[in-house]
Amino acid sequence: QVQLVESGGGLVQPGGSLRLSCAASGFTFSRNAMNWYRQAPGKERELVAGISSVGGIRNYAASVKGRFSISRDNAKNTVYLQMNSLKPEDTAVYYCKVEMLGYWGQGTQVTVSS
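For clarity, every value in this text was computed on a predicted model and none was experimentally measured.

### Topic: the packing of aromatic side chains
- By the definition in use, this model includes 3 aromatic pairs.
- With a centroid separation of 6.2 Å and 55° between ring planes, the pair formed by phenylalanine 27 and phenylalanine 29 is classed as tilted. Like phenylalanine 29, phenylalanine 27 is buried.
- Centre to centre, the rings of tyrosine 95 and tryptophan 104 are 6.3 Å apart; their planes meet at 85°, and the pair counts as edge-to-face.
- Through successive ring pairs, a cluster of aromatic residues spans Tyr37, Tyr95 and Trp104.
- Over the ring of tryptophan 104 we find arginine 45; its NZ or CZ atom is 4.5 Å from the centre of that ring.
- Taking the ring centre of phenylalanine 29 as reference, the NZ or CZ of arginine 72 above it sits at 4.3 Å.

So, in structure tokens, the structure goes:
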């Protein structure tokens, strides 16, 4: 079965940084593009970043461009989201997703507050 396990969330003050990880199993990770989404209370889930399986193509939402960076380690079946210069509006549950498959991780909470 496909499994996606997010980790690395927590409480951070504005301007701080966090690195999220998503450990994947149950599919051929190296052949699949991966995405990070987030969902804040009362809002729709939104795409934050995506990365291709091979070739290093990366895409970001305008709201996080220049602050967040997505990467992957295919040898470890893991995708990362480095988040810098965090703002209160980044507060949300962050989810990992296989782009071409309908599976989600359980999510990890990120709270940005002073």
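Read on, since the account is not over.
### Topic: the state of the cysteines
- One pass over the full model with this rule turns up 1 disulfide.
- Two residues share a disulfide in this structure: cysteine 22 and cysteine 96, whose sulfurs sit 2.2 Å from each other. Around the S-S axis, the bridge from cysteine 22 to cysteine 96 shows a dihedral of about -80° and counts as left-handed. Residue cysteine 22 is found in strand β3 (residues 18-25), and its partner cysteine 96 is found in strand β9 (residues 92-98); the two are separated by 74 residues along the sequence.

### Here's the deal with the nonpolar core
- With 28 residues, the main nonpolar core has Met34, Trp36, Val79, Leu81, Met83 and Tyr94 as its most contacted residues.
- Those elements that place two or more of their residues in this core are β3, β4 (34-39), β5 (46-51), β7 (68-73), β8 (78-83), β9 and β10 (108-112).
- Leaving out residues up to four positions away in the same chain, valine 79 has contacts with Leu20, Ser21, Cys22, Phe29, Met34, Trp36, Ile51, Ile70, Ser71, Arg72 and Cys96.

Definitions and limits used
Residues numbered from 1 in each chain as written. Predicted model: local features only at pLDDT ≥ 70, side-chain atom pairs only at ≥ 80, totals over all residues. Heavy atoms only, no water. Phe/Tyr/Trp six-rings, centres within 6.5 Å; stacked < 30°, edge-to-face > 60°. Buried < 20%, exposed > 50% of the residue type's maximum accessible area, 1.4 Å probe, protein only. Lys NZ or Arg CZ within 6 Å of the ring centre and 35° of its normal. Disulfide = S-S within 2.5 Å. Helix = DSSP H or I, 4+ residues; strand = E, 2+ residues; numbered from the N terminus. Core = buried A, V, L, I, M, F, W, Y, C linked by side-chain atoms within 4.5 Å. Contact = heavy atoms within 4.5 Å.

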